[in-house]
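The lines below spell out each chain.
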Amino acid sequence: MIQDITPHTYHNEYRPVPPEQESLVLYFEGDRVLVKRQEGSLSFPCFSELPAPELKLSQDLLYLFSIDDRTFYLARQRPAFDETLFKMESIRIFRDTPPGWLSFAGITAHQLYHWYDSHRFCGKCGRPLVHSSKERMLHCPDCGIMEYPKISPAVIVGILHRDRLLMSKYAGRGATHYALIAGFAEIGETIEETVKREVYEEVGLHVKNLRYYKSQPWSFSDTLLFGFFAELEGEDDSITLDTQELATAGWFTREEAPAQPLNISLTSEMIWKFKNGEV
Ligand SMILES: [Zn+2]
């Protein structure tokens, strides 16, 4: 999965040390990112490659995280760069461009960029927010509001019944692949209640014997995913489709279950677990 970057180690702690020459610079404009011009693999500019870099932390240069001993920074102003060496590219490249640990760094940085970019001002009094010196937090010096990075919990559910798996396709999102039931947690409910509610809302079924599988940070949508397998409650497996959310849904045997090549997503891994007879 996207976060599996062994033998590399992701260090999320906020420790805003000054950048070094080999520190990597992440610069985004919306859903585009500054990368090196090279075919088939991903690379970001390091400070020594940017003309006359100002190696100083400021509101325009934020410490993000480290992977191993390499530090990553977010540039909030467009750096001057040599267009023969670097280019702006869609963040979709983070889905399938090696090396995986840099793609993971890229999409994680993009989630933080998106958060910083949409939290410039206090939502209560409108004053500019200021970064805490101690932690990854923005606060309003005027009214004291504190803002932490946005992470939305959500579930993915593999529903099992009589050696079959319920799979579905989203409606109207350009989705062409079969996936599993998924949805965001609502305020005031446990993640287990989210599983039961989402399954009932999307396919009109009740589930029991929830088994937690794994979680996954999914920065493409500011999400933390919780994967569960669950069994159908009762014997009536007829599906009542929520056509706002889903285009189709059905039960598949291990042989029939349509799967994509094993990729970066928890959904893909769960489908393969089923196909391989491991759940
Ligand atoms: Zn305020």
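Source: prediction; values computed, not measured. (Residues numbered from 1 in each chain as written. Predicted model: local features only at pLDDT ≥ 70, side-chain atom pairs only at ≥ 80, totals over all residues.)

Asker: So what about the pairing of strand E4 (residues 32-36)? Which residues, and what values?
Answerer: Where strand E3 (residues 28-29) lies against E4, 2 bridges are found, and the strand directions are antiparallel. Across the sheet, Glu29 pairs through a bridge with Arg32, a residue of E4. Counted along the chain from E3 to the antiparallel partner E4, the turn is 2 residues long, and its residue Gly30 has a positive phi close to 60 degrees. Pairing of E4 with strand E7 (residues 86-90) involves 5 bridges; the strand directions are antiparallel. Bridging across to E7, Arg32 finds its partner in Ser90. (Pairing = 2+ DSSP bridges. Helix = DSSP H or I, 4+ residues; strand = E, 2+ residues; numbered from the N terminus.)

Asker: Report on the sheet that holds strand E5 (residues 61-67), specifying residues and quantitative values.
Answerer: The mixed open sheet is built from 4 strands, whose spatial order is E1-E5-E6-E2. Two strands lie at the open edges of the sheet, namely strand E1 (10-11) and strand E2 (24-26), each paired on one side alone. Of the strand pairs in this sheet, E1 and E5 are connected by 2 bridges, and their pairing is antiparallel. Looking across to E5, one finds that Tyr10 is bridged to Ile67.

Asker: If you had to explain the environment of Arg78 to someone new, which residues and values would you point to?
Answerer: Relative to the helices and strands, Arg78 is located in the loop between strand E6 (70-75) and E7. The spacing of Arg78 and Asn263 is 185 residues in sequence and 32 Å in space, taken between C-alpha atoms.

Asker: Go over helix H1 (residues 100-117), please, and point to the residues and values.
Answerer: Over its 18 residues, H1 extends 25 Å from the first C-alpha to the last, a length consistent with the 26 Å expected when each residue adds 1.5 Å. Judged by how many residues are buried, H1 sits mostly within the fold: 13 of 18 residues are covered. (Expected span 1.5 Å × (residues − 1). Buried ≥ 20, exposed ≤ 12 C-beta atoms within 10 Å, placed from the backbone.)

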